[in-house]
Amino acid sequence: MSRLLAPPATGLAALAVLGGIGSGCGRGTAAPTTSVAEAPVRATTVERTTRVEVVKRLPSGGSRTAFDPEGIYRRESPGIVTIISTGLKAAGGGGTAGLGSGFVVSADGEVATNAHVVTSGEGKEIRPAAKVYVKFPDGNQVPARITGFDPYADVALLRIDPSGLTLRPLPLGSTQDVVVGAPVAAIGSPFGEEQSLSIGVISATRRSIQSLTGFDTAGAIQTDAAINQGNSGGPLLAGDGAVVGINSQIQTKSGDGSGVGFAVGVDTVKRSLAQLRRGGKVHYAYLGVSATALYPQLVDALAPGTERGAWVQTVKPGGPAAEAGILAGSGRKVFQEQPYRVGGDVIVAVEGMSIAANDDLSLALVDRRPGDTVRVAVVRDGKRRQVRVRLGERPLEAPQR
């Protein structure tokens, strides 16, 4: 099973929350003192300034030619924070606290993390934490405001008052540069152990992982770098120090990190952050189908009429695909112990982008917005045809098959 990685706050973390509720000022800032012998006493003005550090980074491609974990940690860890959330809704009722990780993304005081670090519940029951605090490696701990969260990609954007703090924004890379076998580093607060570094490699790309809505998040990165509960929201870093993903889940049967971790790809993260900055919410286009990818033996056995594509299994009644006339199969056959609805359409392209796997269908729509009209190529009864679909707004809960 997949496990989200934000555990309840420990007693120590809870005490840290109480200790940081005070003024929210940087620890290194103090008002000048005036001797009691001085006369007259003059009012003093304290100006708290923000310091933004920009660190020289390795040239592009450095992650493939040299990997220096110590250097990555030295340069990037000052921008990686611990997130403490309180007032989360517990499964059995009442409130609880949670602890995760995050990282600075701008000099204005923006911090990125996972949505599940600062919310509780799933689907229509998602609720934000009552209060959120951001703890920096230098000991400063300040309150944060949730600008917004993306439950489909498990990304959240926080904002803090940067006055009196030293901020080290981390650069965002591109998943186009991510290759299997490339070394990576994960930094975060597993089990509350702040500023922990683990290293590994990219194990796979273009994975699909569970979101908070029932829809899968496409384009995720699999890694064997050790990530555990509390790593949620922390960065997965390439050798040049660029963020290539946000650590989000582990696949486990024992409850601990068993060598299979998943990060939300940075391209997905950047799309989420851009929308959250604009209005605090995200909007995803919705086609309204469930489909399965074709493979040679399935094609030979059930003859869907084409060798590649996403074979439509269900169509949401009244949804965009149904309104456009896209059809699911009406017959039912079993192949290799799996049931299939036969006789329906196979989606082979969206706006000219070829569809070979289920992820391709999600990725073809990810830059579209609700209300956009797209050309969808389908194969029906062995013949290719074009269908125009006006996309809808993705619901918070995936329809049941």
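Because the structure is predicted, anything quoted here is derived from the model rather than measured.

Caption draft 1: Region of the structure containing the nonpolar core. Membership of the largest hydrophobic core comes to 27 residues, with the highest contact counts inside it found for Phe103 and Leu237. When residues of this core are traced back to their parent elements, those giving at least two are strand S10 (155-159), strand S12 (183-188), strand S16 (243-251), strand S17 (261-265) and helix H4 (266-279). Residues contacting Leu237, with those up to four places away along its chain left out, are Ile72, Glu76, Ile80, Leu170, Pro183, Val184, Ala185, Ile187, Ala242 and Val243. Within the second largest apolar cluster, 19 residues are counted, among which are Ala310, Ile355, Leu361 and Leu365.

Caption draft 2: A look at the environment of Val346. Here Val346 shows up in strand S23 (residues 346-350). Overall, Val346 belongs to the buried group, its relative accessible area being 0%. Measuring from C-alpha to C-alpha, the distance between Val346 and Ala377 comes to 8.4 Å, with 31 residues separating the pair along the chain. With residues up to four places along the chain from it excluded, the contact list for Val346 reads Leu294, Pro304, Thr306, Arg308, Gly309, Ala310, Trp311, Ala377, Val378 and Val379.

Caption draft 3: Examining H4 more closely. Here H4 spans 20 Å end to end across 14 residues, near enough to the 20 Å set by a 1.5 Å rise per residue. Of the residues making up H4, those classed as buried are Val266, Asp267, Thr268, Val269, Ser272, Leu273, Gln275 and Leu276. Contact partners of the buried residues in H4: strand S5 (110-113), strand S9 (141-150), S10, strand S14 (216-223), S16 and S17. Backbone geometry just downstream of H4 places Gly280 in the positive-phi region, at approximately 80 degrees.

Caption draft 4: Seen up close, the layout of surface pockets. Roughly 940 Å³ of volume is contained in the largest pocket. In terms of lining residues, the largest pocket is bounded by 34 residues, among which Phe215, Asp216, Val289, Ser290 and Ser362 are the most central. For the lining of the largest pocket, the secondary-structure elements that each account for two or more residues are S14, H4, strand S18 (285-286), strand S19 (289-293), strand S20 (310-315) and helix H7 (358-365). With 6 residues, H7 is the largest single contributor of residues to the lining of the largest pocket. Grouping the amino acids of the lining of the largest pocket by side-chain chemistry returns 18 nonpolar, 10 polar and 6 charged.

Calculation rules
Residues numbered from 1 in each chain as written. Predicted model: local features only at pLDDT ≥ 70, side-chain atom pairs only at ≥ 80, totals over all residues. Heavy atoms only, no water. Core = buried A, V, L, I, M, F, W, Y, C linked by side-chain atoms within 4.5 Å. Buried < 20%, exposed > 50% of the residue type's maximum accessible area, 1.4 Å probe, protein only. Helix = DSSP H or I, 4+ residues; strand = E, 2+ residues; numbered from the N terminus. Contact = heavy atoms within 4.5 Å. Expected span 1.5 Å × (residues − 1). 1 Å grid on protein atoms, 1.4 Å probe; cavity = no way out; pocket = protein on both sides within 12 Å on 5 of 7 lines; lining within 4 Å. Points joined across faces, edges and corners; volume = space filled by probe spheres on them. Nonpolar A, V, L, I, M, F, W, Y, C, P; charged D, E, K, R; others polar.

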